[in-house]
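# Descriptive analysis of the structure
Each chain, written out:
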Amino acid sequence: MALRGEGLVQRRTVAASVDNQISKPSQDQEDDLDDKLEKRSRLTLLEEIILIGLKDKEGYTSFWNDNISSGLRGAMLVELGFRGRIELDGTGMRRRSLLNRRIQIKNDAPVGDVLLDEALRHIKETEPAETPQSWVELLSGETWNPLKLRYQIRNVRERIAKNLVEKGVLTTEKQNFVVFDMTTHPLLDAGTKQQVIKKVQDTLLSRWVNDPQRIDKRSLALIYLCHASEVLENAFQSLSDEDYDLAMKRVRQLLDLDTDVESSKSGADELMWAVIASFFK
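No experiment lies behind these values; they were computed from the predicted model shown.

Across its full length, the protein holds twelve helices and four strands. In the protein, which comprises 281 residues, the share counted as buried stands at 42%. When contacts within the protein are restricted to residue pairs at least 6 apart in sequence, long-range pairs at least 24 apart make up 66% of them. In the form shown here, the protein has an accessible surface area of approximately 16,200 Å², with 49% of it arising from carbon and sulfur atoms.

As C-alpha cells, this is what we get:
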C-alpha cells in the first residue's frame, strides 16, 4: 500500500511539473472552445435523429428508409412547441381528440434555425389552420393539392447534416457511387453521438419511470420520433440481449399509451402528444 501511495504522489508531482511547462491557452482559444461546446450541447431533435440514424463512416442515413422524412417533419413541430413558438388551439366546452385539434402560432419570433424558421413561416401564413398530422404531410410534400406543394421543405437531411458540420460533429466528403458522386457527412465527434445514444438508453433503462409525465420531455419525444423515423434500433446496438429486450418492452409500453389521456394530465405537453398521436394512432 505504501509503494502504491508513493507512486501516486510521484505521478501527481510529474503531472504538476508538466502542467507548469505548458502555456495556458489564450482567451480567444478558450472562447472558441466554449462556443464549440455550447453548439454541441444545443442539438435539435432533428439533429439527434439524424445522428442516431447515421452510418458513421459512410456519412449518410439508409437509402431505404422513407419514414425518416416524416419523422423529421414531426420533430420540427415538437421542437417549435418546446421553444414556445406554436401550440394547439383550445378545446372549447367539449374536449376534442388530439388528431382533430389544429396548430396555431404562439410566438412568431424566429428561433435562429433555418429549417425551424421555414416551418414556422409556413404555419404562420396558413389559413385556416391545419392539424399536426396534416402539417407532417404538408412539410413532407405528401399532398394531392398542387396549391399546397409550396409548404414542402426540401433537402432536409442534407441541411441538418450541414448544421452538424458547423457544430463540429460531422465532416464533409465526396464519395463516388459509380453512377454519380455524392456529398457525404461522416461522423467526426463520436462523443457527441454517444451522448445522444446514452440519453435514449438511460431513459429506457437506468432512469426509467413508469409515469411518462416524469420522463424528461425531450428524451421522451426523441424516443417516439426515432421510432417513427425507424432509427431507434440503432441506439440499441451496443446493448446486451437482456437490456435490449427490456428496452424494447418499455418502448412497446410507451406505444400502447393513450395519447389523449396523457395529454390531458397536469403539466403535459399537448402539442408533443398530438404529434405522437399523428404517427401511432
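After presenting the structure, the write-up continues.
The subject of this paragraph is the environment of Asn-210. With respect to the helices and strands, Asn-210 occurs in the loop between helix H8 (190-204) and helix H9 (217-228). In this structure the C-alpha to C-alpha distance between Asn-210 and Arg-250, which are 40 residues apart in sequence, comes to 8.9 Å. Here Trp-208 takes part through its side chain, which lies 3.3 Å from a polar atom of the side chain of Asn-210.

For helix H7 (residues 156-166), every residue scored as buried is listed here: Val-156, Ile-160, Ala-161 and Leu-164. Looking straight down H7, one finds its buried side chains confined to an arc of 135 degrees; they lie on one side. Looking at the packing, one finds that the buried side of H7 touches helix H3 (45-53), helix H4 (67-82) and helix H5 (114-125). With its phi angle positive at about 80 degrees, Gly-168 sits one or two positions after the end of H7.

With that settled, the discussion passes to the pattern of salt bridges. In total, this model carries 13 salt bridges according to the counting rule given. The closest approach of N and O atoms between Arg-218 and Glu-79, which form a salt bridge, is 2.9 Å. Highlighted residues: Arg-218 in helix H9 and Glu-79 in helix H4, separated in sequence by 139 residues. The salt bridge involving Arg-101 is made with Glu-270; its shortest N-O contact spans 3.1 Å. Residue Arg-101 is located in the loop between strand E1 (86-88) and strand E2 (103-105), and its partner Glu-270 is located in helix H12 (residues 270-280); the two are separated by 169 residues in the primary sequence. With relative accessibility at 25%, the residue Glu-270 sits in the partly exposed group. Here the residues in one salt-bridge network are Asp-89, Arg-96, Arg-101 and Glu-270, joined through shared partners.

All told, the structure shown has six aromatic pairs when counted by the stated rule. With 5.9 Å between their ring centres and 45 degrees between their planes, Tyr-224 and Phe-280 make a pair best called tilted. Here the residue Tyr-224 occupies a position in helix H9, and Phe-280 occupies one in helix H12, the gap between them amounting to 56 residues. The exposure class assigned to Phe-280 is partly exposed, which follows from its relative accessible area of 29%.

On to the environment of Leu-98, then. Take Leu-98: it is sitting in the loop between E1 and E2. Looking at Leu-98, the relative accessible area reads 1%, which means it is buried. It is 8.6 Å that separates the C-alpha atoms of Leu-98 and Val-275, two residues lying 177 residues apart in sequence. If we ignore the near neighbours within four places in the chain, the residues touching Leu-98 are Leu-88, Thr-259, Asp-260, Ser-263, Glu-270, Trp-273, Ala-274 and Ala-277.

With respect to the helices and strands, Glu-48 occurs in helix H3. One polar contact links Glu-48 to Lys-199, side chain to side chain, over a distance of 2.7 Å. Aside from chain neighbours lying at most four places away, what touches Glu-48 is Leu-43, Val-196, Lys-199 and Leu-222.

With that settled, consider a negative patch on the surface. A grouping of Asp-241, Glu-242, Asp-243 and Asp-245 is seen on the molecular surface, where their side chains present a negatively charged patch. Take Asp-245: it is sitting in helix H10 (residues 241-255).

Turning our eyes to something else, we now look at the nonpolar core. The biggest cluster of nonpolar side chains holds 70 residues, and the ones touching the most others in it are Ile-49, Ile-52, Met-76, Leu-77, Val-200, Leu-204 and Phe-236. Look past the residues within four positions of Ile-49 in its chain and what remains in contact with it is Ile-68, Gly-71, Leu-72, Ala-75, Leu-222, Leu-225, Cys-226, Ser-229 and Val-231.

Glancing now at the packing of H4 against H7. Helix packing for two helices is described by the angle between their axes and how far apart those axes are. The contact between H4 and H7 brings their axes to 10 Å, and the two run at 60 degrees. Regarding the angle of H4 to H7, the classification is oblique. Between H4 and H7, the contacting residues are Ile-68, Leu-72, Arg-73 and Met-76 on the first element and Val-156, Arg-157 and Ile-160 on the second. Considering only residue class, the contact of H4 with H7 consists of five nonpolar, no polar and two charged.

Conventions adopted
Residues numbered from 1 in each chain as written. Predicted model: local features only at pLDDT ≥ 70, side-chain atom pairs only at ≥ 80, totals over all residues. Heavy atoms only, no water. Helix = DSSP H or I, 4+ residues; strand = E, 2+ residues; numbered from the N terminus. Buried < 20%, exposed > 50% of the residue type's maximum accessible area, 1.4 Å probe, protein only. Contact = heavy atoms within 4.5 Å. Areas by Shrake-Rupley, 256 points an atom, 1.4 Å probe, with all protein chains shown as cover. Polar contact = N/O pair within 3.5 Å; in protein donor to acceptor, adjacent residues only side chain to side chain. Arc of directions from axis to C-beta. Salt bridge = Lys/Arg side-chain N within 4 Å of Asp/Glu carboxyl O. Phe/Tyr/Trp six-rings, centres within 6.5 Å; stacked < 30°, edge-to-face > 60°. Patch = residues over 30% accessible without salt bridge, like charges linked within 9 Å, V, L, I, M, F, W, Y side chains within 5 Å. Lys, Arg positive; Asp, Glu negative; His and termini not counted. Charge placed at Lys NZ, Arg CZ, Asp CG, Glu CD. Core = buried A, V, L, I, M, F, W, Y, C linked by side-chain atoms within 4.5 Å. Axes fitted to C-alpha atoms, helices over the stretch in contact; angles between N-to-C directions. Parallel < 35°, antiparallel > 145°, perpendicular 65-115°, else oblique. Nonpolar A, V, L, I, M, F, W, Y, C, P; charged D, E, K, R; others polar.

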